[in-house]
There are 2 protein chains.
Amino acid sequence: MIKFIIMAKRSKQEEAELRHVFGKAGARFTRQREAVWQLFKGKARGLTIPEAAKALKRKGVGPATVYRTAALLEGLGLLRRVHDAGGERRFVASRPGHYHALVCRSCGQVVDFEGCDLSLLERVLTTETGFRIEGHHLEVFGLCASCKAVNK
Amino acid sequence: MIKFIIMAKRSKQEEAELRHVFGKAGARFTRQREAVWQLFKGKARGLTIPEAAKALKRKGVGPATVYRTAALLEGLGLLRRVHDAGGERRFVASRPGHYHALVCRSCGQVVDFEGCDLSLLERVLTTETGFRIEGHHLEVFGLCASCKAVNK
DNA sequence: GCCATAATGATAAATTTTATCATTAACTGA
DNA sequence: TCAGTTAATGATAAAATTTATCATTATGGC
Ligand SMILES: [Zn+2]
Ligand SMILES: [Zn+2]
Ligand SMILES: [Zn+2]
Ligand SMILES: [Zn+2]
């Protein structure tokens, strides 16, 4: 019996980039891994692992692989964790670099933004606490334009 | 058979404050709820719910109550969520007001700090994206003074 | 194409979280 | 102080999430 699995469309260009990122890390470029990546890439609001697992079951990707792949993609910098208003752990597709998330508490849409200046704050914290600051995690939340319009 | 349950020490002063916070919200001040609160108050690095549940079992507090109480205390502003370097959800005792966490990635110690100026950033985000900004979540991580000394 | 082996799926197990309900105990007010 | 009311708890079960194991598959390098 033959299983037909429809893959999400992608450009040769993007495939080459992905292959490069995987290859550089010594990881294989499998059908399942690309399916996971394509799913997250198409969801602006990101997904929790259970959500992703449910969606990917239809594409023939098992739950264990979803867990393993999310961890891998996070390590490769292709996914980032965010936490929605309810504190739920979600993963969103990420470009490399220093990005943060602006999350709508109503529809869950995530808008990435680049640029934040916490250098002054970090300098103060260093002198006050003796910590060696290594990074930060910032999420801004509120209502997006359309939800703002609906929710009065 | 009589069960003796040793409660954590506390001042009459503090008990009165707690009773007030609970009462104002129409919640009862129970032995279990105080035990949960005392546990978190004594842990600078906070705890995950399973960690708290394990510690509180010895004090005669069941897991279900730990979950219920953590949610309640968070609602009352007595606990705040933080996420450690591994992305784990922890709860830490919190004073009311606008605080953030400085988390040591090695020992997990949490230092609260007050004061952050994101007003400029939020203003830019508002005009750029049309979001109505309602708040933010900021965590800074690194190595505390003593872990810095140990880890070279 | 063949090989070595990383990666997967299936399965089971462990862990975490939620639901249900009879029992307990905290507040109220007489 | 002492019932009466009812929120809160513990016990239990169930659901959901996450991890582990291992035989089988399929990728990447040759
Ligand atoms: Zn929205
Ligand atoms: Zn930043
Ligand atoms: Zn430390
Ligand atoms: Zn702030």
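See the structure above.
Residues numbered from 1 in each chain as written. Chains lettered and ligands numbered in written order. Predicted model: local features only at pLDDT ≥ 70, side-chain atom pairs only at ≥ 80, totals over all residues. Heavy atoms only, no water.

S.K.: Please give an account of the coordination of the zinc ion (ligand 4) that cites residues and values.
M.R.: Residue and element names in this part refer to chain B. The coordination sphere of the zinc ion (ligand 4), as far as protein atoms go, consists of His98 (NE2), His100 (NE2), Cys116 (SG) and His136 (NE2), spread over 1.9 to 2.1 Å. Seen from the zinc ion (ligand 4), its four donor atoms lie at angles of 100 to 118 degrees, and the figure they make is tetrahedral. Of note, the zinc ion (ligand 4) draws all its donor residues from one chain, in the sequence arrangement H-x1-H-x15-C-x19-H. Of this pair, cysteine 116 sits in the loop between strand S4 (110–114) and helix H5 (119–129) while histidine 136 sits in strand S5 (residues 132–143), and the two are 20 residues apart along the sequence. (Donors = N, O, S within 2.8 Å, 3.2 Å for Na, K, Ca; no water. Tetrahedral: all angles 85-135°; square planar, octahedral: opposite > 155°, others 65-115°. Helix = DSSP H or I, 4+ residues; strand = E, 2+ residues; numbered from the N terminus.)

S.K.: Tell me about the protein's contact with DNA strand C, and name the residues and values.
M.R.: What surrounds DNA strand C is a group of 18 residues, the closest being Gln32, Gly60 and Thr65 of chain A together with Phe29 and Tyr67 of chain B. Close to the protein, within 4 Å, the atoms of DNA strand C belong to sugar or phosphate groups at a rate of 71%. Contacts to DNA strand C include arginine 28 of chain A, whose side-chain N or O atom sits 3.2 Å from a base nitrogen. A distance of 3.0 Å is found between a phosphate oxygen of DNA strand C and a side-chain nitrogen or oxygen belonging to arginine 33 of chain A. Of all the secondary structure elements, the ones that give two or more residues to the surface near DNA strand C are helix H2 (31–41) and helix H4 (63–75) of chain A together with helix H3 (49–57) and helix H4 (63–76) of chain B. Along the lines of polarity and charge, the residues of the surface near DNA strand C split into six nonpolar, six polar and six charged. (Near = heavy atom within 4 Å. Polar contact = N/O pair within 3.5 Å; in protein donor to acceptor, adjacent residues only side chain to side chain. Nonpolar A, V, L, I, M, F, W, Y, C, P; charged D, E, K, R; others polar.)

S.K.: Kindly report on the coordination of the zinc ion (ligand 2), identifying the contributing residues and their values.
M.R.: Residues and elements named next belong to chain A. Donor atoms from the polypeptide that coordinate the zinc ion (ligand 2) comprise His98 (NE2), His100 (NE2), Cys116 (SG) and His136 (NE2), at 1.9 to 2.0 Å from the metal. Taken together, the four donor atoms coordinating the zinc ion (ligand 2) and their angles of 100 to 118 degrees define a geometry best described as tetrahedral. On the primary sequence, the residues serving as donors to the zinc ion (ligand 2) are separated as H-x1-H-x15-C-x19-H. Here histidine 136 lies in strand S5 (residues 132–143) and histidine 98 lies in the loop between strand S2 (89–93) and strand S3 (99–104), a separation of 38 residues in the sequence. Take histidine 136: its relative accessible area is 14%, and that puts it in the buried class. (Buried < 20%, exposed > 50% of the residue type's maximum accessible area, 1.4 Å probe, protein only.)

S.K.: With reference to specific residues and values, describe the protein's contact with DNA strand D.
M.R.: Lining the immediate environment of DNA strand D, one finds 17 residues, of which Phe29 and Tyr67 of chain A together with Gln32, Gly60 and Thr65 of chain B sit closest. Take the atoms of DNA strand D that sit within 4 Å of the protein: sugar and phosphate atoms are 67% of them. One of the side-chain nitrogen or oxygen atoms of arginine 28 of chain A is found 2.8 Å away from a base oxygen of DNA strand D. In the model, a phosphate oxygen of DNA strand D is placed 2.6 Å from a nitrogen or oxygen of the threonine 65 of chain B side chain. Mapped by element, the contributors of at least two residues to the surface near DNA strand D are H4 of chain A together with helix H2 (31–41) and H4 of chain B. Ranked by residue count, the leading element in the surface near DNA strand D is H4 of chain A, at three residues. Split into classes, the residues belonging to the surface near DNA strand D amount to six nonpolar, five polar and six charged.

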